[in-house]
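Architecture and fold: a report
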Amino acid sequence: MSVTYARGFTAAGVAAGLKNSGAQDVALVVNAGPLDTASAVFTENRIQAAPVLWSRQAIADGQAQAVILNSGGANACTGPQGFADTHHTAEHVAQVLDISPGDVLVCSTGLIGERLPMDRLITGINDASTKLHDTGGLDAAHAIMTTDSVPKTATATSNGWRVGGMAKGAGMLAPALATMLCVITTDATIDATTAHAALREATRTTFDRIDSDGCMSTNDTVILLASGASEITPTAQEFTEALTSVCAHLARQLIADAEGASHDIAVTVRGASTQEAALAVARSITRSNLLKAAIFGNDPNWGRVLAALGTVPVSVAPYEPDDVDVTINGVTVCRGGGVGEDRALVDLAANRDVDIVVDLHAGDESVTIWTNDLTHDYVHENSAYST
């Protein structure tokens, strides 16, 4: 049931005509309490959409009671008028729900550079408010989809309290959040400090470690709402673990639905001197279009891996090139920086999942980042996105 799996939450997803397809495009998630604890993390892109600017301000006090989300338009790069539209959206939700506009978070996704049709959005808000239900999570997950082929939801249960979440995203997935929107709810009793620390840790090791195409969105937002309806207070560690589990499941679903992808690729760098070094090397590999194209062609070209990791400065990731091993789907195709086992032993056509392990033999730290291959369908979908 997505965001309504945790007690104390209702949600709805409706079609307001923002999408030409007539599909659901407005979602509303409401926290009935008794708590209104909230936290969020946002895109690190310097160009930020009006809803991100609004929500940053609104959540600064660690409280929120509702999230209004729309697909069919990003409301990004729309100037003062776009921000006024976001403000008006929050005010209308507040009026309908009889809450403060400052307790309403706003998220939008879709094409950049076009204002939203506010008359349709307002009608959609009115409609969604009449359909709020504790089983409405799946409708809400459908309503935030853009190029997604399936809705993305995840849940976790721990000692009498619950966590539920929904996300959207199939392209523009890169570290510093991955174009994604995500709302996570819990009925655990937690304060704002615990919520924010847990969310930061959870996103650091999940959403920040998927990298589909190296493109960072203007609208990325991950929101956590806590109702306290279970009346159970978990330890910070317990809560962080459950939250991370939900985020990890959602992150993997984003990669699995990446635009046009035919392979999901796990790049693990181990034997690094520091975690930062491992991250830098892993990201250099997952950003290699040459490697991604090779994987699409079922070609285990390990030379692409070495060429990518060699771009990381020694000051960032010290290692000896002649010590590096590369394993693809269990076959060590590169050993000691040179030829290893026969690459023909690697069968990339048999399964969607590809496992690439790079051992730097320079320390004890390891990191995994997920990416996907680069296909004809990805190019077609993004060449025709606005038309």
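It should be noted that the structure appears before, not after, this text.
Below is a summary of the structure that appears in this document.

Here we come to helix α7 (residues 275-286). Taking 1.5 Å per residue, 12 residues should reach 16 Å; α7 reaches 16 Å between its end C-alpha atoms and fits that length. For α7, every residue scored as buried is listed here: A277, A278, L279, V281, A282, S284, I285 and T286. On its buried face, α7 is in contact with β10 (264-272), α8 (289-296), α9 (302-309), β14 (353-359) and β15 (365-372).

Moving on: the packing of α7 against α9. Viewed as axis vectors pointing N to C, α7 and α9 meet at an angle of 130°, and their least axial separation amounts to 8 Å. Taken together, the axes of α7 and α9 lie oblique to each other. For the crossing formed where α7 meets α9, the hand is right-handed. On the side of α7, the interface is formed by V281, S284 and I285, while α9 contributes V305, A308 and L309. Classifying every residue of the contact of α7 with α9 gives 5 nonpolar, 1 polar and no charged.

A few words on the nonpolar core. In terms of nonpolar packing, the biggest core is built from 48 residues, with V29, V67, I68, L69, M166 and L225 touching the most fellow members. Among all residues touching L69, those that are not within four sequence positions of it are D25, V26, A27, V29, C107, I144, M166, L181 and V183. Ranked by size, the runner-up nonpolar core spans 33 residues in total, among them W302, V326, V354 and V358.

Take the sheet that holds strand β2 (residues 26-31) next. Within the open sheet, the 4 strands sit side by side as β1-β2-β4-β5. Their pairing is mixed. The sheet terminates laterally at β1 (9-14) and β5 (104-108), the two strands that pair on one side only. Adjacent strand axes in the sheet meet at a mean angle of 10° when their direction is disregarded. Where β2 and strand β4 (residues 66-70) come together, 5 bridges link them in antiparallel fashion. Looking at β4, one finds that V30 is bridged to A66. Across the face of the sheet, helix α3 (residues 118-130) comes into contact with β1, β2 and β4 while running at roughly 45° to β2.

Packing of helix α5 (residues 192-204) against helix α6 (residues 236-256) leaves a shortest axis separation of 9 Å and a crossing angle of 45°. Viewed along their axes, α5 and α6 adopt a mutual orientation that is oblique. Crossing handedness for the pair α5 and α6: right-handed. Contacts from T194, A198, L199, E201 and A202 in α5 reach A236, F239, T240, L243, T244 and C247 in α6. Among the residues making up the contact of α5 with α6, the classes are represented as 7 nonpolar, 3 polar and 1 charged.

Procedures and definitions
- Residues numbered from 1 in each chain as written.
- Predicted model: local features only at pLDDT ≥ 70, side-chain atom pairs only at ≥ 80, totals over all residues.
- Heavy atoms only, no water.
- Helix = DSSP H or I, 4+ residues; strand = E, 2+ residues; numbered from the N terminus.
- Expected span 1.5 Å × (residues − 1).
- Buried < 20%, exposed > 50% of the residue type's maximum accessible area, 1.4 Å probe, protein only.
- Contact = heavy atoms within 4.5 Å.
- Axes fitted to C-alpha atoms, helices over the stretch in contact; angles between N-to-C directions.
- Parallel < 35°, antiparallel > 145°, perpendicular 65-115°, else oblique.
- Left-handed = near helix turned anticlockwise from the far one by under 90°.
- Nonpolar A, V, L, I, M, F, W, Y, C, P; charged D, E, K, R; others polar.
- Core = buried A, V, L, I, M, F, W, Y, C linked by side-chain atoms within 4.5 Å.
- Pairing = 2+ DSSP bridges.

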